[in-house]
Amino acid sequence: MDLLSLARGPALKVALVVFCLGVTWRIVGFTLLRVHRDLNKPRASIAKFLAGGLITVGSRSWPHQEFIGRTGAGEALGYSYHLGLFAVVLLFGPHIAFLGSLFGVTWPGLPSSLITVISVLTLTLFLAVLFRRVTNPVMRMLSNFDDYFSWFITMLVIVTGLAATAHIGAPYQTLLALHILSVDVLLLWFPFGKLMHAFYIFPSRAINGAILARKGATS
Amino acid sequence: MSTPAGIVGANLAPAENRSPEARVAGAMSGFAREIGALSAFRLESCIHCGICADACHFYIATEDPQYTPIWKVEPFKQAYKREASAFAPLFRLLGLKREVTADQLAQWQHLLFDSCNMCGRCSLICPMGIDVAALIEQARHAMFEAGLAPKELYQKAAHQQLTGQPESSAEPYRERLLAIGAQFGVDIPLDKPDVELMLCVPRTDIEHYPAAVAALARVMQHLGVSCTFRSDGLVAENYGYYAGGKAWQREISRRLIDQAIACKARVLLVPECGHAYAALRWEAADLYGKPLPFRVLQVTEFLADQLHAGRLKLRAAALGATTFQDPCESVRKGGINDAPRALMKAMGIELHEMKNHGGFSFCCGGGGGVLDIERAAPLRHRTMENKLREIDDTGAKTFLTSCSDCRRTFDDAQAHFDWQKTPQSLLELIADNLVGAGA
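The rules we used
Each chain has its residues counted from 1, running along the sequence as written. Chains and ligands are labelled sequentially in the order written, the chains with letters from A and the ligands with numbers from 1. The model is predicted, so local features are restricted to residues of pLDDT at least 70 and side-chain atom pairs to those at 80 or more, both for listing and for counting; the totals for chains, interfaces and linings are taken over all residues. In this description a helix means any DSSP run of H or I spanning at least four residues, a strand means any run of E spanning at least two, and both kinds are numbered starting from the N terminus. Using C-alpha atoms as the atom set, the radius of gyration is obtained and then compared with a globule rule of 2.2 Å times the number of residues to the power 0.38. Any residue whose C-beta has 12 or fewer other C-beta atoms within 10 Å is treated as exposed, any with 20 or more as buried, and any in between as partly exposed, C-beta atoms being built from the backbone. In this description, a residue-residue contact is defined by the distance between C-beta atoms placed from the backbone, which must lie within 7 Å. Values of pLDDT, ranging from 0 to 100, describe the predictor's confidence in every residue of the model. When residues are sorted by character, Ala, Val, Leu, Ile, Met, Phe, Trp, Tyr, Cys and Pro go into the nonpolar class, Asp, Glu, Lys and Arg into the charged class, and all the rest, Gly among them, into the polar class. What counts as a domain boundary in this text is fixed by an automatic or database domain assignment. By definition here, a helix of n residues has an expected span of 1.5 Å times n minus one. Pairing between strands is defined by DSSP: at least two bridges between the two strands are required. Every axis in this analysis is a line fitted to C-alpha atoms, fitted for helices over the stretch in contact. Angles between the N-to-C directions lie between 0 and 180 degrees. Structurally, a nonpolar core is described as a collection of buried Ala, Val, Leu, Ile, Met, Phe, Trp, Tyr and Cys residues joined by way of C-beta atoms within 7 Å.

A.B. asks: I would appreciate a short explanation of the overall build of chain B in the present structure.
C.D. replies: Each helix and strand in chain B was counted, giving 19 helices and eight strands. Here chain B has a C-alpha radius of gyration of 22 Å; the compact-globule value for 439 residues is 22 Å, and the two agree. Residues classed as buried in chain B amount to 59% of the 439 residues present. Long-range contacts, defined here as pairs at least 24 residues apart, represent 82% of the contacts in chain B between residues at least 6 apart.

A.B. asks: Sorry, what's going on with the overall build of chain A here?
C.D. replies: From N to C terminus, chain A includes ten helices and zero strands. Reading chain A from its N terminus to its C terminus gives the helix and strand order α-α-α-α-α-α-α-α-α-α. Each of the three principal axes of chain A carries a C-alpha extent, and together these read 65 × 40 × 40 Å. Taking all 219 residues of chain A together, the buried fraction comes to 28%. Here the analysis covers contacts within chain A between residues at least 6 apart in sequence; of these, 73% occur between residues at least 24 apart.

A.B. asks: Looking at this structure, I do not really get the confidence of the model for chain A. What am I missing?
C.D. replies: Close inspection of predicted coordinates is inappropriate for parts of the model with low pLDDT. Mean pLDDT for chain A: 96, with 100% of residues reaching 70 or above. Within chain A, the element-level pLDDT minimum falls on helix 5 (residues 93-103) of chain A, averaging 93, and the maximum on helix 7 (residues 137-142) of chain A, averaging 98.

A.B. asks: I'm lost on the interface of chain B and chain A in this one. Help?
C.D. replies: Interfaces are often sized by the accessible area lost when the parts come together. Contact residues are listed per partner, giving 44 residues for chain B and 50 residues for chain A. When residues of the side of chain B that touches chain A are traced back to their parent elements, those giving at least two are helix 2 (36-45) and helix 14 (274-288) of chain B. Tallied by class, residues from the side of chain B that touches chain A come to 24 nonpolar, eleven polar and nine charged.

A.B. asks: Is there a simple way to think about unusual backbone geometry in this case?
C.D. replies: Most peptide bonds take the trans configuration, and most residues that are not glycine carry a negative phi. All names here are of chain B. The backbone phi angle of Glu63 is positive, close to 55°, even though this residue is not glycine. Within the element layout of this structure, Glu63 appears in the loop between helix 3 (57-62) and helix 4 (74-83). Given 10 C-beta atoms within a 10 Å radius, Glu63 is considered exposed. Of note, Met118 is a non-glycine position whose phi angle comes to about 50°, a positive value. Structurally, Met118 is set in the loop between helix 6 (102-114) and helix 7 (132-145).

A.B. asks: Quick question: what am I supposed to make of the domain arrangement of chain B here?
C.D. replies: All names here are of chain B. According to the domain assignment, chain B contains domain 1 (20-145), domain 2 (171-307) and domain 3 (312-432). A straight line from the C-alpha centre of domain 1 to that of domain 2 covers 33 Å. In this complex, domain 1 contributes four residues to the contact, which on the side of domain 2 involves four residues. Taken together, the residues of the side of domain 1 that touches domain 2 sort by class into two nonpolar, one polar and one charged.

A.B. asks: Help me understand the confidence of the model for chain B in this model?
C.D. replies: Residues and elements named next belong to chain B. On average, residues of chain B score 93 in pLDDT, and 95% of them are at 70 or above. For the stretch residues 1-13, pLDDT sits under 50, and the model shows 23 contacts to residues farther than four places along the chain or on other chains. Among the scores for the predicted complex, ipTM is 0.94 and pTM is 0.93.

A.B. asks: Would you explain helix 10 (residues 197-215) of chain A in this entry?
C.D. replies: Residues spaced three or four apart along an α-helix face the same direction, because each turn holds 3.6 residues. Relative to the 27 Å expected for 19 residues at 1.5 Å per residue, helix 10 of chain A spans 26 Å between its end C-alpha atoms, a close match to the ideal helical length. Inspection of helix 10 of chain A places Tyr200(A), Ser204(A), Arg205(A), Ile207(A), Asn208(A), Gly209(A), Ala210(A), Ile211(A), Leu212(A), Ala213(A), Arg214(A) and Lys215(A) among the buried residues, and these make up the whole buried set. Against helix 3 (46-59) of chain A together with helix 2 and helix 14 of chain B lie the buried residues of helix 10 of chain A. Backbone geometry just after helix 10 of chain A places Gly216(A) at a positive phi near 75°.

A.B. asks: What should I look at first to understand the sheet that holds strand 7 (residues 398-401) of chain B in this one?
C.D. replies: Pairing between the strands of a sheet is mediated by backbone hydrogen bonds and can be parallel or antiparallel. Residues and elements named next belong to chain B. In space, the four strands of this open sheet follow the order 6-5-7-8, with parallel pairing throughout. Of all the strands in the sheet, just strand 6 (350-351) and strand 8 (423-425) have a single pairing partner and so form its edges. Pairing analysis gives two bridges linking strand 5 (residues 321-325) to strand 6, with the strands arranged parallel. Following the sheet pairing, Ala321 is matched in strand 6 by Glu350.

A.B. asks: Looking at this structure, how should I read the sheet that holds strand 1 (residues 197-199) of chain B?
C.D. replies: All names here are of chain B. Spatially, four strands are ordered 2-1-3-4 in an open sheet, and the strand pairing comes out parallel. Unpaired on one side and paired on the other, strand 2 (227-229) and strand 4 (295-298) mark the two borders of the sheet. Here the average twist between neighbouring strands, direction ignored, is 30°. Pairing of strand 3 (residues 267-270) with strand 4, which is carried by four bridges, proceeds in the parallel orientation.

A.B. asks: Where do I start with the nonpolar core in this structure?
C.D. replies: Soluble globular proteins: nonpolar side chains tend toward being buried together. With 182 residues, the main nonpolar core has Cys52(B), Met198(B), Cys200(B), Leu216(B) and Val270(B) as its most contacted residues. In this structure, Met198(B) is in contact with Cys227(B), Thr228(B), Arg230(B), Gln259(B), Ala260(B), Cys263(B), Ala265(B), Leu268(B) and Leu269(B), ignoring residues within four places of it in sequence.

A.B. asks: Just checking my understanding: could you explain the environment of Arg254(B) for this structure?
C.D. replies: In this structure, Arg254(B) sits in helix 13 (residues 246-262). Taking the C-alpha atoms as reference, Arg254(B) lies 7.0 Å from Tyr288(B); in sequence the two are 34 residues apart.

A.B. asks: Honestly, the pairing of strand 7 of chain B in this entry has me stumped. Any pointers?
C.D. replies: Consecutive residues of a regular strand have side chains that alternate between opposite faces of the sheet. All names here are of chain B. Judged from the four bridges that link them, strand 5 and strand 7 form a sheet pairing that is parallel. Paired with Phe324 across the bridge in strand 7 is Leu400. With three bridges joining them, strand 7 and strand 8 adopt parallel strand pairing. Across the sheet, Leu400 pairs through a bridge with Gln424, a residue of strand 8.

A.B. asks: Sorry if this is basic, but what is going on with the environment of Leu111(B) here?
C.D. replies: Residues and elements named next belong to chain B. Along the chain, the position of Leu111 falls in helix 6. Residue Leu111 is classed as buried on the basis of its 22 C-beta neighbours within 10 Å. Along the primary structure Leu111 and Lys72 are separated by 39 residues, whereas in three dimensions their C-alpha atoms are 5.6 Å apart.

Rendered as structure tokens:
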């Protein structure tokens with residue numbers, strides 16, 4: 001079995017199984033903990049409680065006016081590379097074809113040249129994010145192996161993807177295999193680290209927002 | 001029955017035979033066992049972005065990363081991952097998360113108590129939506145169990161759960177309350193049965209602002225509301241809440257709950273005290289184990305309701321430019337943003353809001369028990385500079401608030417900084433401007 005067959009064959013299958021089971025177990029792990037029932041009389045109606053959750057999902061996508069001066073640039077950087085990643089993962093023709101083979105649905109993509117430009121920009125933003133993490137005293141203090149490895153493996157996927165499309169450094173088959181292998185490693189790591197925030201972000205905003213709305217509190 | 005004077009000031013030192021290490025280990029495993037799905041989800045969701053630092057006045061004033069709000073629960077995140085998370089066995093097996101040590105936790109006492117007002121401003125900035133303040137409150141519970149609550153808070157909580165008042169006094173608060181009534185010429189309704197409202201008072205008001213106590217009684221008398229103070233449930237504050245002593249918090253709340261039930265009150269009225277409101281309105285029922293058989297209202301929301309119903313009429317207060325300090329626990333975390341403003345508007349007050357106001361206001365710096373912690377004073381004063389600047393920038397001559405702890409914190413600032421503004425009670429202002437009160 002050659003490297004490419006390994007990468008998109010058994011390695012991918014194992015990675016997907018670990019990803020699915022790991023993500024499920026990690027979520028089940030805390031949802032099975034004691035659920036505290038709030039016996040204090042709510043200020044808000046059920047409708048306001050639910051609306052509070054939904055509104056917070058949207059409103060936390062950008063800092064409140066009071067915070068923009070201190071956090072706007074950092075958040076803009078964070079969202080920019082996420083948007084770049086989404087564009088590359090979801091709108092690149094070969095990715096659409098791959099996802100289509102998994103889910104049976106395809107959609108229109110962006111031209112390859114544009115994807116390349118977006119990838120390079122995303123890569124640049126990724127480097128900026130790392131620079132910020134190591135130079136910002138707060139982020140440096142909070143950071144651990146999870147932060148750096150999650151950054152590294154995501155970066156590796158982008159770099160190998162760019163190398164494969166640009167045919168740089170090795171035969172295309174090898175580069176493609178390395179790209180898929182890096183995705184396999186990312187999937188294997190996903191349930192164990194902070195990449196899980198992809199699953200958490202909207203429920204977390206919604207739940208905390210709804211709880212604050214229940215009290216009529218600011219959210 | 002009043003508090004027996006002999007109990008006040010009794011020896012409150014707890015019997016504790018375990019070593020610090022054993023006590024910390026017990027507290028951390030207790031934390032992990034009791035964490036619950038919601039707090040676990042909050043800990044799981046943190047992406048280490050550090051943005052919460054930019055909402056915290058302790059960080060903003062010092063630029064010291066240790067004051068990053070989510071960092072204040074770092075040992076607890078460590079304990080959760082090691083003891084209760086989905087991959088806890090893996091973390092333990094591979095040694096990826098070490099046990100929290102007594103030394104480590106002792107270092108965190110400064111972060112969880114001296115440098116956190118539990119004001120909740122950090123909970124508004126997190127892009128993941130995490131309520132960091134709720135995590136900090138839970139972490140304080142574990143600190144208490146580990147024997148690491150600051151002595152000032154511990155002693156007051158111990159005293160209060162035992163005697164009903166957080167510290168000894170020359171005369172029991174019941175007698176003090178009656179003396180305040182006599183001093184200000186207002187009837188103090190005491191130990192009446194079958195009333196609409198049960199009243200309680202901040203001990204801060206009893207000790208420092210007796211006019212606020214008289215104002216509460218005067219306004220109720222003016223409204224003709226059937227109400228009473230109760231000798232066995234007088235103090236609004238809950239030092240168990242501050243210290244993290246959940247069992248003591250329950251006992252302290254229970255005094256008020258039992259008294260409200262005994263006098264068949266339909267409403268327990270919380271005076272101008274932010275954390276007392278939080279403890280009674282948003283936590284007491286959980287600790288009591290069932291929904292409370294009465295409503296809990298903060299005095300400004302009650303009075304705003306009376307205003308809207310046409311039962312309270314206020315005359316214009318000639319104050320000139322005025323600003324208002326929003327108490328975090330009742331405004332940001334408690335949802336009472338409009339009520340104080342409606343009351344000020346009814347008195348024709350020319351309100352000049354601070355740059356950060358309403359739900360986004362900075363804490364006075366004394367909340368969460370910080371005002372009581374002596375060693376925290378230098379840091380607290382440093383964080384207050386920004387707040388005082390915001391107040392000065394409004395150009396207001398008068399400065400109102402509706403929290404006695406905020407008031408006392410600013411009084412302290414006035415002395416420390418030789419600052420010229422004196423915080424005034426919104427309730428006292430209302431009592432002075434009742435239409436038809438003959439004042």
